[in-house]
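Chain by chain, the residues run as shown.
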Amino acid sequence: MNRFEYYQARLSENETFVAKDRNIKLYDGDEKTSYEDGEIVLTSHRMLWGRNGEIARGGNALSLKLSYVTSVNEEEASSMLFGRKKRIILRLDNPTMDKKPGPMDHSCASFVKISGRSGVDPAFVQALHATIDARIWEAGLQPNQSSTSSAPSISEDLARRKLRTGIMGIERNLAEKQRQTDENINLAFQDLNKLMSMAKDMVSVTKLVSIKIRERHGEISEDETVRFKSYLMSLGINDPVTRDGTRSNSEYFLKLSQQLCEMLLDPITDAGGMMSLADVYCRVNRARGLELLSPEDLLEACKLLAGPLTMRCFPSGAIVLQLESHDDELISQRTLELVQMQTSLSPDELARLESISLLLARERLLTAEVFGRLCRDESIEGLRFYANKFIN
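Since we're looking at a predicted model, the values are computed, not measured. (Residues numbered from 1 in each chain as written. Predicted model: local features only at pLDDT ≥ 70, side-chain atom pairs only at ≥ 80, totals over all residues. Heavy atoms only, no water.)

(A) Main features of the packing of aromatic side chains. Tallied over the entire structure, the rule returns 2 aromatic pairs. Measuring from centroid to centroid gives 5.5 Å for Tyr35 and Trp49, while their planes differ by 85 degrees, and the two rings are edge-to-face. Of the two residues, Tyr35 is situated in the loop between β3 (31–32) and β4 (38–43) and Trp49 in strand β5 (residues 46–50); the sequence distance between them amounts to 14 residues. Comparing Tyr35 with Trp49 shows no difference in burial state: the two are buried. Here the aromatic rings of Tyr252 and Phe253 are separated by 5.2 Å at their centres, their planes lie at 50 degrees, and the arrangement is tilted. Summarising the burial analysis for this pair, Tyr252 and Phe253 share the class buried. Over the ring of Tyr7 we find Arg46, and its NZ or CZ is 3.9 Å from the ring centre. (Phe/Tyr/Trp six-rings, centres within 6.5 Å; stacked < 30°, edge-to-face > 60°. Helix = DSSP H or I, 4+ residues; strand = E, 2+ residues; numbered from the N terminus. Buried < 20%, exposed > 50% of the residue type's maximum accessible area, 1.4 Å probe, protein only. Lys NZ or Arg CZ within 6 Å of the ring centre and 35° of its normal.)

Written out as structure tokens, the structure is:
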């Protein structure tokens, strides 16, 4: 504290206001002082501390030259009311010979601490770091203290700053925001134009390929036709069924169910003959591109499935699409063999072994239990299934 000087709270020539904070108390090293619950003001050259209202009126304050500060650190402190908070530690150089009188002539501490009721405002701390890094006082812009009587107070300088911000500053900000908005809109429309030009080409190519696939013209063989059509469906560029292309809801759902059957037959077969409705929803909407389906439309279309795919609802409420040729007894036997190989299995372990979803793995284990091939062990470690040795 012996680096602080008594000073009138007025800005000197070449000195500017930077930031301020309230409810601040000062420490002499680790020792508390009587200087608490005051205001602290940061300028380009100094840091001022004063009682509430004193600095605004241009009264007396404690002044610390920033040229004394060698480093700025932070430490955490605990408070019963505000929990964890941070204090600022200013490590200081030795006072100069021309130092003016202050609150303390001698001090054993080479640092002071700044603390607040709930910590120091992070904006103030950031401004303090930036001001000390700038070191304006070393650039020859020293404050002229001879004209302090006519110098503006801190509050007057802040008011002028707000006035400039309120008139010219707001106009500049609005103009800058308008300019950035115009640039963003121009860039967005440039990207949109590119996207539309590419989309037109893709649509024309898609229609041409679709016509060739339907009529089987050109040099595309039957196997290549089937394979290429599956690629188009997975990429989502085949002609999707939409409400606008049908005359009624019944026709829409019927055509949609037929398209779902064509689209999902191979993926469901590759997945072991069964796929959850959630996975179906994600796969279908990914394939349809921008023509997304609602969950309700998908469910209604799945109810009308007829042919190789059917919709099934398990007792647990899980809904899946499965092949008509799907045999629960054969799947239960396959599940039993896997359990016997591993001694026991949980749903997530079966899901990893068979590369299926956790929901389907659980339903497979429960179905095998219904057929009497498995027994469950439900404990705090989770649900596990073992081979049913009681039937043997």
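Next comes the rest of the write-up.
(B) Spotlight on the packing of helix α7 (residues 328–342) against helix α9 (residues 358–370). In contact at an axis separation of 9 Å, α7 and α9 are set at 100 degrees when each is read in the N-to-C sense. The angle between the axes of α7 and α9 places the two elements in the roughly perpendicular class. Along its contact with α7, which presents Asp328, Ile331, Ser332, Arg334, Thr335, Leu338 and Val339, the element α9 presents Arg364, Leu365, Thr367 and Ala368. (Axes fitted to C-alpha atoms, helices over the stretch in contact; angles between N-to-C directions. Parallel < 35°, antiparallel > 145°, perpendicular 65-115°, else oblique. Contact = heavy atoms within 4.5 Å.)

(C) The arrangement of the pattern of salt bridges in detail. Summed over the entire model, instances satisfying the criterion amount to 16 salt bridges. Among the salt bridges present, the one from Asp328 reaches Arg312, with a minimum N-O distance of 2.8 Å. Of this pair, Asp328 sits in helix α7 while Arg312 sits in strand β11 (residues 309–313), and the two are 16 residues apart along the sequence. Residues Arg373 and Glu329 are paired through a salt bridge, measuring 3.8 Å at the closest nitrogen-oxygen approach. Of the two residues, Arg373 sits in the loop between α9 and β14 (374–379) while Glu329 sits in helix α7, which places them 44 residues apart along the sequence. Arg373 sits in the buried class, given a relative accessible area of 17%. When salt bridges that share partners are traced, they join Asp30, Glu75, Arg87 and Lys113 into one network. (Salt bridge = Lys/Arg side-chain N within 4 Å of Asp/Glu carboxyl O.)

(D) Seen up close, the sheet that holds strand β13 (residues 344–345). An order of β13-β15-β14 is seen for the 3 strands of this open sheet, with the pairing classed as antiparallel. Looking at which strands have only one partner, the edges of the open sheet turn out to be β13 and β14. As defined by bridge partners, β13 adjoins strand β15 (residues 382–387) across 2 bridges and the pair is classed as antiparallel. For Ser344, the partnering residue across the bridge sits in β15 and is Tyr386. α9 rests against β13, β14 and β15 of the sheet, and its axis sits at about 120 degrees to β14. (Pairing = 2+ DSSP bridges.)

(E) Quick look at the environment of Ile356. Note on placement: Ile356 falls in the loop between α8 (347–354) and α9. Note on Ile356: relative accessible area 16%, which makes it buried. It is 9.5 Å that separates the C-alpha atoms of Ile356 and Ser276, two residues lying 80 residues apart in sequence. Apart from residues no more than four positions distant in its own chain, Ile356 is found in contact with Ala271, Leu350, Ala351, Ala361 and Arg364.

(F) Geometry of the sheet that holds strand β12 (residues 319–323). The sheet built from 3 strands is open, its strands ordered β10-β12-β11 with antiparallel pairing. Edge strands, defined here as strands with exactly one partner in the open sheet, are β10 (274–276) and β11. Along the sheet, successive strands turn relative to each other by an average axial angle of 25 degrees, direction set aside. For β10 and β12, the ladder comprises 3 bridges, and the chain directions are antiparallel. When the sheet's bridge partners are listed, Met275 is paired in β12 with Leu321.

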